[in-house]
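For reference, the chains in residue letters:
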Amino acid sequence: MGLKIYNSLTRKKEEFHPLQDKLVRMYTCGVTLYDELHLGHARAAVVFDMIRRYLEFKGYKVIYVTNFTDVDDKMIKRANELGVTIFDLAERFMGEYFEQMEKLGVEKADYHPRATEHVKDIIELIKKLEDKGIAYRKDGDVFFRVKKFPDYGRLSGQSLKELIAGARVEIDEKKEDPLDFALWKRAKEKEPCWDSPWGKGRPGWHIECSAMAMKYLGENIDLHAGGKDLIFPHHENEIAQSEAATGKKFAHFWVHNGLVRINGQKMAKSAKNFITLSDALQKYEGEVLRFYLLSAHYGSPLEFSEQSLEETSFSLERIYNVLNRTDELASVDTIKVTMQSAPEKIKKLSEKFFHSMDDDFNTPSAFAAIFELVKEANAILKEPVKENSKTQLVYIAKKIREAGKILGLFQKKGRQLEDKTEKLVQILIDVREMLRQEKKWELADTIRARLQEVGVQLEDTRGKTLWRVKTNK
RNA sequence: GGCGGUGUAGCCAAGUGGCUAAGGCGGAGGACUGCAAAUCCUCUAUUCCCCGGUUCGAAUCCGGGCGCCGCCUCCA
């Protein structure tokens, strides 16, 4: 059973094989640390985290690198507005980034390189390009000579001719050709800058990714990812710089996530239609957001709606309900389960999950399998408990948690309340049970209603009253 | 204008040549229940934007049209 991934470079789903047997070198374009994150950034981070987890599950050792852009026009502009340095700015938003990523269940990368800490590597790379006659200097700026790289436009599916024809590029007198792009920018007054063979200046945007990817992962990498809006020019330029410098194929797989939309439009800073991640996290738990962000296929656009997020919240609760009930009935750890003991149907559903994931990380289809497992488990829970059905339940719960681990979901155990609080709730339930025995429904219902107000939901089942904490905020 | 993508139920969303068009939410009815909640069962797209074509057979392939989105300038 092989993993297939849609490769933007070839526009085909291809079997994924790393260059070096079990090692995957993966790079994703991170964020610019100039402002708050929004749901678009969150989606990219969550999607690539899921991909990384799945690759690890498949037995690969993944070296994962995601960068921070901490010097560029936007950084400088924002820092000036706030009256701080770009380094202060970076520090602040980097802190927020890690805090929020943790809430989304996004694991740290192996390396989080910053552009400003790799200026030396960047300069080396530009020098290499200059030596080869691919880069040229002009008044302290250095540009990439696009005509020297005939493959330019392959990723975005445009030929050089088409690019020129459709060009809306600003005419920059200094460039030999409008398509050429900056590798190094001469420092203007009071701008942060570094010494270089071309004078004081700072790196262009695209070159940092080439330099850092190659520094940590080598000249050929297995998988390079980013948002669809980065295909052109950013990734196109990355390919051009890297391959022109090394003569080797830069990245074998290019994976691009679809954009988050709101009212049919791309969510973006410039459109002022974004929902910040911090606002979203205020309203919904990180796990709900993560679940939601994975509910569409990663490559499709995702239309943001408050309603969908509410729905996701209920769906998540539904999954936890069945897991918690199973836990109450039987400890997952003490009952031994084997594949053999599971009925065909349950096995098939479990396989469906992995098939879906193997098919270009088809998370919606994978979730469908999980929901079907949930349904099976609930059906079992409805019947009087037998040893055999316990085993099946435990098997299902195990499978759901295993699947959840890959997706970064469903890992919470129990109600996550303090011991004392749990005991208090139990006291209330016991008292209420006495009232119910005496058919004092009004009082019993009041207790239930008041508990519900604080997010504790009672459920009277045949034998006893169960309770759970509502997950939605 | 060029390039890329997309159009599946009230909503979200899989499926890309052939068993009954996944799954979730919502809605209707039923079971359970003192009532709720949770859960289960049944129903909820005779049809996949429209028009042609290929094929024994198409949501799925091809041609044309329409709508929407992204990129071509900073962007996850």
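Refer to the structure presented above.
Quantities reported herein were computed from a predicted structural model and do not represent experimental measurements. (Residues numbered from 1 in each chain as written. Chains lettered and ligands numbered in written order. Predicted model: local features only at pLDDT ≥ 70, side-chain atom pairs only at ≥ 80, totals over all residues. Heavy atoms only, no water.)

Undergrad: Even after reading the chapter, I still don't get the overall build of chain A, so can you show me in this structure?
TA: Along its length, chain A carries 15 helices and 15 strands. Each of the 473 residues in chain A was classed as buried or not, and the buried ones make up 51%. The contacts in chain A between residues at least 6 apart in sequence include a share of 75% that link residues at least 24 apart. Carbon and sulfur atoms provide 50% of the accessible area of chain A, an area that totals close to 23000 Å². The distance from the centre of the 79 positive side-chain charges to the centre of the 75 negative ones in chain A is 3 Å. (Helix = DSSP H or I, 4+ residues; strand = E, 2+ residues; numbered from the N terminus. Buried < 20%, exposed > 50% of the residue type's maximum accessible area, 1.4 Å probe, protein only. Contact = heavy atoms within 4.5 Å. Areas by Shrake-Rupley, 256 points an atom, 1.4 Å probe, with all protein chains shown as cover. Lys, Arg positive; Asp, Glu negative; His and termini not counted. Charge placed at Lys NZ, Arg CZ, Asp CG, Glu CD.)

Undergrad: Just checking my understanding: could you explain the protein's contact with RNA strand B for this structure?
TA: As a structural note, the neighbourhood of RNA strand B is formed by 59 residues, with K74, W205, G227, L230 and K266 the closest of them. Among the atoms of RNA strand B close to the protein, meaning within 4 Å, 62% are from sugar or phosphate groups. Measuring from a base nitrogen of RNA strand B, one finds a backbone N or O atom of G40 at 2.9 Å. For RNA strand B, a sugar or linking oxygen lies 3.4 Å from a polar atom in the backbone of F232. Here the element with the most residues in the surface near RNA strand B is helix 12 (residues 363-382); it accounts for eight residues. Its residues assigned to classes, the surface near RNA strand B comprises 15 nonpolar, 23 polar and 21 charged. (Near = heavy atom within 4 Å. Polar contact = N/O pair within 3.5 Å; in protein donor to acceptor, adjacent residues only side chain to side chain. Nonpolar A, V, L, I, M, F, W, Y, C, P; charged D, E, K, R; others polar.)

Undergrad: How should the packing of aromatic side chains be read in this particular structure?
TA: Summed over all chains, the structure comprises 20 aromatic pairs. Aromatic pair Y54 and F57: ring centres 5.7 Å apart, planes at 20°, arrangement stacked. Residue Y54 and its partner F57 are both found in helix 1 (residues 39-57); the two are separated by three residues, about one turn of the helix. Here F57 falls in the partly exposed class, since its relative accessible area comes to 38%. Relative to Y97, the ring of F68 has its centre 5.0 Å away and its plane inclined at 85°; by these criteria the two rings are edge-to-face. In this pair, F68 is assigned in strand 4 (residues 61-69) and Y97 in helix 3 (residues 86-103), connecting sequence segments 29 residues apart. Its relative accessible area of 1% is what places F68 among the buried residues. By relative accessible area, which is 9% here, Y97 ends up buried. (Phe/Tyr/Trp six-rings, centres within 6.5 Å; stacked < 30°, edge-to-face > 60°.)

Undergrad: How should the nonpolar core be read in this particular structure?
TA: In a soluble, globular protein the nonpolar side chains are often hidden away together inside. By size, the foremost hydrophobic cluster in this structure holds 133 residues, and its most contacted members are L55, F144, F353, I370 and F410. The leading source of residues in this core is helix 1, at eleven residues. Domain assignment of the residues forming this core places at least three in each of domain 1 (8-283) and domain 2 (311-407). Apart from residues no more than four positions distant in its own chain, F144 is found in contact with L129, I134, Y136, F149, D180, F181, L183, A240, Q241 and A244. By size, the runner-up hydrophobic cluster in this structure holds nine residues, among which are V425, I447, L458 and W467. (Core = buried A, V, L, I, M, F, W, Y, C linked by side-chain atoms within 4.5 Å. Domains from an automatic or database assignment.)

Undergrad: Where do I start with the sheet that holds strand 3 (residues 23-32) in this structure?
TA: Two pairing modes exist for strands in a sheet, parallel and antiparallel, and in both the strands are linked by backbone hydrogen bonds. The four strands are arranged 4-3-9-10 in an open sheet whose pairing can be described as parallel. Of all the strands in the sheet, the pair left with one neighbour each is strand 4 and strand 10 (251-257). The average undirected angle you get between the axes of adjacent strands in this sheet is 20°. Along the sheet, helix 6 (residues 205-217) contacts strand 3, strand 4 and strand 9 (221-227); its crossing angle with strand 4, the most-contacted strand, is approximately 150°. (Pairing = 2+ DSSP bridges. Axes fitted to C-alpha atoms, helices over the stretch in contact; angles between N-to-C directions.)

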